[in-house]
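As a plain string of letters, each chain reads:
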Amino acid sequence: MWARALKEKVTFHDGCHGLRELGTKEAPRELLRAVKGLELVEMGEAESCCGFGGMFAVKYPQISTAMAEVKCNSIVETGVDYVVSNDSSCLMQIQGYLSRHSPRVVKSLHLAEVLAQQ
Amino acid sequence: MINLQEPQEQFQHDADRTTADEPRRAAVRKALGNYQIARGKTENAFASWQHARDAAATIKYEGVNHLDQYLREFEEKFTARGGKVFWASNSAQAREYILNLARERGVKSIVKSKAMTSEEIHLNDALEKDGYHVIESDLGEFIQQLKHEPPYHFVFPCMHLKRDEISALFERELGSAKTDSPEELTMIARRVLRQHYINADMGISGGNFIVAETGMISITENEGNARLTTALPKIHVALIGIEKIVPRLADLSLFLPMLATAGTGQQLTCYNSMYGGPRLPGEVDGPEEFHVVLLDNHRTRLLADAEQRDALHCIRCGACLNVCPIFKNIGGHAYGTTYQGPIGSVITPHYRGLQDWKHLSGASSLCGACTEACPVKIDIHHHLLQNRRNAVAEKKVWWEKLIWFGFRHLMKRPWAYKLAIRLAPVGQLFHPFVYGTELDPVQSWTKTRDFPEAATQSFHDWWRERKGARK
Ligand code: SF4
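Residues numbered from 1 in each chain as written. Chains lettered and ligands numbered in written order. Predicted model: local features only at pLDDT ≥ 70, side-chain atom pairs only at ≥ 80, totals over all residues. Heavy atoms only, no water.

An unreviewed UniProt entry lists chain B under the name 4Fe-4S ferredoxin-type domain-containing protein, with Chthoniobacter flavus Ellin428 given as the organism.

The name that an unreviewed UniProt entry assigns to chain A is Cysteine-rich domain-containing protein, with the source organism given as Chthoniobacter flavus Ellin428.

**Some remarks on the site of the ligand**
Where we set the bar: Working definition: residue near molecule or strand if any one of its non-hydrogen atoms lies within 4 Å of it. Amino acid classes used here: Ala, Val, Leu, Ile, Met, Phe, Trp, Tyr, Cys and Pro are nonpolar; Asp, Glu, Lys and Arg are charged; the rest, including Gly, are polar.
Around the ligand there are 14 residues in total, and Cys314(B), Cys317(B), Gly318(B), Cys320(B) and Cys374(B) lie nearest to it. Looking at the shell around the ligand, its residues break down into 12 nonpolar, one polar and one charged.

**Description of the interface of chain A and chain B**
Size of an interface: often given as the accessible area lost when the parts come together. How we decide: Residue contacts follow a heavy-atom distance rule, with two residues in contact if any of their heavy atoms lie within 4.5 Å. Throughout, buried area stands for the accessible area (probe radius 1.4 Å) lost by two parts on being put together, summed over both. One side-chain nitrogen of Lys or Arg within 4 Å of one carboxyl oxygen of Asp or Glu is enough to make a salt bridge. In the analysis that follows, any N or O atom pair within 3.5 Å is treated as a polar contact, provided that within protein one partner can donate a hydrogen and the other can accept it, and provided that, for residues neighboring in sequence, both atoms belong to side chains.
Each side of the interface is counted separately: chain A has 30 residues, and chain B has 37 residues. When the buried area of chain A at its contact with chain B is split by residue, Tyr60(A), Gln62(A) and Arg100(A) rank highest and sum to 22% of it. The residue Glu372(B) makes a salt bridge to Arg20(A) at a minimum N-O spacing of 3.8 Å. At the junction of chain A and chain B, the tally comes to 20 residue pairs in polar contact (both at pLDDT 80 or more).

**Examining the sheet that holds strand E3 (residues 82-85) of chain A**
Residues and elements named next belong to chain A. Where we set the bar: Pairing between strands is defined by DSSP: at least two bridges between the two strands are required. Numbering of helices and strands runs from the N terminus; a helix is a DSSP stretch of H or I covering at least four residues, while a strand is a stretch of E covering at least two. Axis geometry follows a simple rule: fit a line to the C-alpha atoms, using only the stretch in contact for helices, then measure angles between N-to-C directions, giving values from 0 to 180 degrees.
With parallel pairing, four strands are arranged side by side in an open sheet as E2-E1-E3-E4. Edge positions in the open sheet fall to strand E2 (38-40) and strand E4 (107-110), since each of these has one partner strand only. Neighbour-to-neighbour, the strand axes of the sheet open up by a mean angle of 35°, direction not taken into account. As paired elements, strand E1 (residues 8-12) and E2 share three bridges and run parallel to each other. Within E2, the residue paired with Glu8 across the bridge is Leu38. Across the sheet, helix H5 (residues 88-101) touches E3 and E4, and the angle it forms with E4 is around 170°.

**Details of the UniProt feature "domain: Cysteine-rich" (unreviewed entry) in chain A**
This is how the line gets drawn: UniProt positions are given in the numbering used here, feature names are shortened, and annotations may be inferred rather than shown by experiment.
The positions that UniProt labels "domain: Cysteine-rich" (unreviewed entry) are, in the present scheme, residues 10-95 of chain A. End C-alpha atoms of residues 10-95 of chain A are separated by 14 Å, and the span's content is 50% helix alongside 12% strand.

**Quick word on the sheet that holds strand E5 (residues 209-211) of chain B**
All names here are of chain B. Taken in spatial order, the four strands line up as E8-E5-E6-E9 in an open sheet, and their pairing is mixed. Looking at the sheet topology across the chains shown, the edges are occupied by strand E8 (245-246) and strand E9 (271-275). Where E5 lies against strand E6 (residues 216-221), three bridges are found, and the strand directions are antiparallel. Each bridged residue has a counterpart across the sheet, and for Ile210 the counterpart in E6 is Ile217. The sheet contacts of helix H12 (residues 252-264) involve E5, E6, E8 and E9, and relative to E5 the element is tilted by about 175°.

**Focus: the packing of helix H9 (residues 163-174) of chain B against helix H10 (residues 182-199) of chain B**
All names here are of chain B. Our working rule: Small angles under 35 degrees read as roughly parallel and large ones over 145 as roughly antiparallel, with 65 to 115 read as roughly perpendicular and the rest as oblique. In this scheme the crossing of two helices becomes right-handed for a clockwise turn of the near helix relative to the far one and left-handed for an anticlockwise turn of less than a right angle.
Direction vectors running N to C along H9 and H10 enclose 30°, while the axes themselves pass 11 Å from each other. When the interaxial angle is binned, H9 and H10 end up roughly parallel. Note on packing geometry: the crossing formed by H9 with H10 is left-handed. In this structure, H9 uses Arg163, Ile166, Ser167, Phe170 and Leu174 to contact H10, whose residues at the interface are Pro182, Leu185, Ile188, Ala189 and Val192. In terms of residue class, the contact of H9 with H10 is built from eight nonpolar, one polar and one charged.

**Considerations on helix H2 (residues 26-33) of chain A**
Residue and element names in this part refer to chain A. Here is the rule: Throughout this description, buried means an accessible area under 20% of the type-specific maximum (1.4 Å probe, protein chains only), exposed means over 50%, and partly exposed covers the range between. In this description, one arc is meant: the one made by directions from the helix axis to the C-beta atoms.
Taken together, the buried positions of H2 are occupied by Pro28, Arg29 and Leu32. One side of H2 holds all its buried residues, which, seen down the axis, span an arc of 100°. Buried residues along H2 sit in contact with E1, E2, E3 and helix H6 (111-116).

**Comments concerning the packing of aromatic side chains**
Where we set the bar: Two rings belonging to Phe, Tyr or Trp (six-membered ring only in the last case) form a pair when the distance between their centres is within 6.5 Å. Interplanar angles under 30 degrees mark stacking, angles over 60 mark edge-to-face geometry, and anything in between is tilted. Only when the NZ of Lys or the CZ of Arg is both within 6 Å of the ring centre and within 35 degrees of the ring normal is a charge said to sit over the ring.
This model, assessed by the stated rule, comprises 18 aromatic pairs over all chains. Between Phe86(B) and Tyr97(B), the ring centres sit 4.3 Å apart and the planes meet at 5°, which makes this aromatic pair stacked. Highlighted residues: Phe86(B) in strand E1 (residues 84-88) and Tyr97(B) in helix H5 (residues 91-104), separated in sequence by 11 residues. When the centroid spacing of 5.5 Å and the interplanar angle of 40° are considered together, the rings of Phe209(B) and Phe255(B) count as tilted. Placement of Phe209(B) in strand E5 and of Phe255(B) in helix H12 is noted, with a sequence separation of 46 residues between them. Each member of the pair Phe209(B) and Phe255(B) is classed as buried. Ring-pair connections join several aromatic residues into one group, and the members of that group are Phe56(A), Tyr60(A), Phe11(B), Tyr152(B), Phe327(B) and Tyr335(B). Above the face of the Tyr339(B) ring, Arg316(B) is positioned so that its terminal group lies 4.2 Å from the ring centre.

**Quick look at the domain arrangement of chain B**
The line we're drawing: For the domains described, the bounds stem from an automatic or database domain assignment.
Examined at the domain level, chain B breaks down into domain 1 (45-297) and domain 2 (414-470). Computed over C-alpha atoms only, the centres of domain 1 of chain B and domain 2 of chain B are separated by 57 Å.

Pasting the structure below:
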């Protein structure tokens, strides 16, 4: 996806279950840092929930969307082109919001997708 | 008959309104961002915040699981010094006791310091209906009282208001001049309040801890108003939930800094006072009568629930609200409860009925930020899950049942699952015709977010065909 020589900027979204149930904070970042040509830029709201939450996302769409807004504004602010996470539900929510509302194209990727490019 | 759907509908409606108010959300986010920074620093002042949490949870476990013993120990020691203890099973009994007392003693004017229990039993309404003049002395509560609004947050009652809104409120209600200075605003309130302390013949407070060992109650505050409320009027009533018990005085050496840290990011609140009863012979100040009303009001119902009993460990620090993304986006009033935020969503169904208040447990992404922040290690977000389970076990929701029935059958049959995956791209061809409209089956998603495109190749197919796959 990215040429080796090119610098790609990504930010990482901590999925709640990975972060708080499993206590995984550094491991995915370490993996990302090991990818050549990739620069990790931290966002302010990295640990904030994206607002997915399963049925919550459709039962309380207004709250879920407000949470996505906070998350995605923080992503866009970093100036990255990609947001990476290891939770596909979060990515569905984040991509869903970004494609509709983001002023510029920011794509979401699963950590495995990034690593599989190597 | 009460319409059972009402609180739920009201909640949806209020959440629609408050999530659309981005300036207010941004202000709350900023204030709580500052809290987070301050709290982070004070947490680091503990040798180990995590060990402190373990210790606190152990102490509260001990207290809550021996409530009978410790509450009686408190009563015995407190009454030995001339204090009075009243055991209120419910809000009506608590209100009656306080109203009777006011009536018998010919009370006219009442000054109050912060007490969420009094919000819980709607004490102000009852007192005012009987003709008493009641004034809140905590600055935030004072402002909310002038606004005729309940507290927005049980630790920061008016955190949602901006300075100019408070100034305008004071101009309107107190006739003061417009000002942008927080100090001046405080002085305006102080001038009004001082007079009331002197005139009041009854003081009402809450209490942060009940210490069994010494028969005392502990009140923590930042403004000194609770001290004046307890010291000046002749009669004092402290209205406290029974779960506020701690066994020993030494326990406060952990809980006072912990409450301050988790609550506001302070190392200690400005005033921490202990009260052991009325003024004794030879003492220069304090009330002549000191009553403690121990409030159950369905706390024992929670106590009977072994799975969620630890919710009674709560020291009402408000940390779970401060980190909650739901609270930050819908604000405190949308909950429609005395206790807002995650802990409110856990306990309100126990206090006020599961079917009426179960929606609050549903209105969570279960992100777990609350549980992580809780100083006494209440398993808050799992309790929300248990409330959901209990609500469904008690009363099924037909359309949810239908969905899970379909889902279960699909997931149990690989052929059906594979078929559904193959049909998804075909089905999606028709989606644009109804996208985002009432006919769209996923409208509540597509109204605000794009729906992901179904992949043309399933993961299964890709896995089978990938290079080097074993055939
Ligand atoms: S549940 Fe925990 S975090 Fe929330 S108010 Fe109570 S003690 Fe504080």
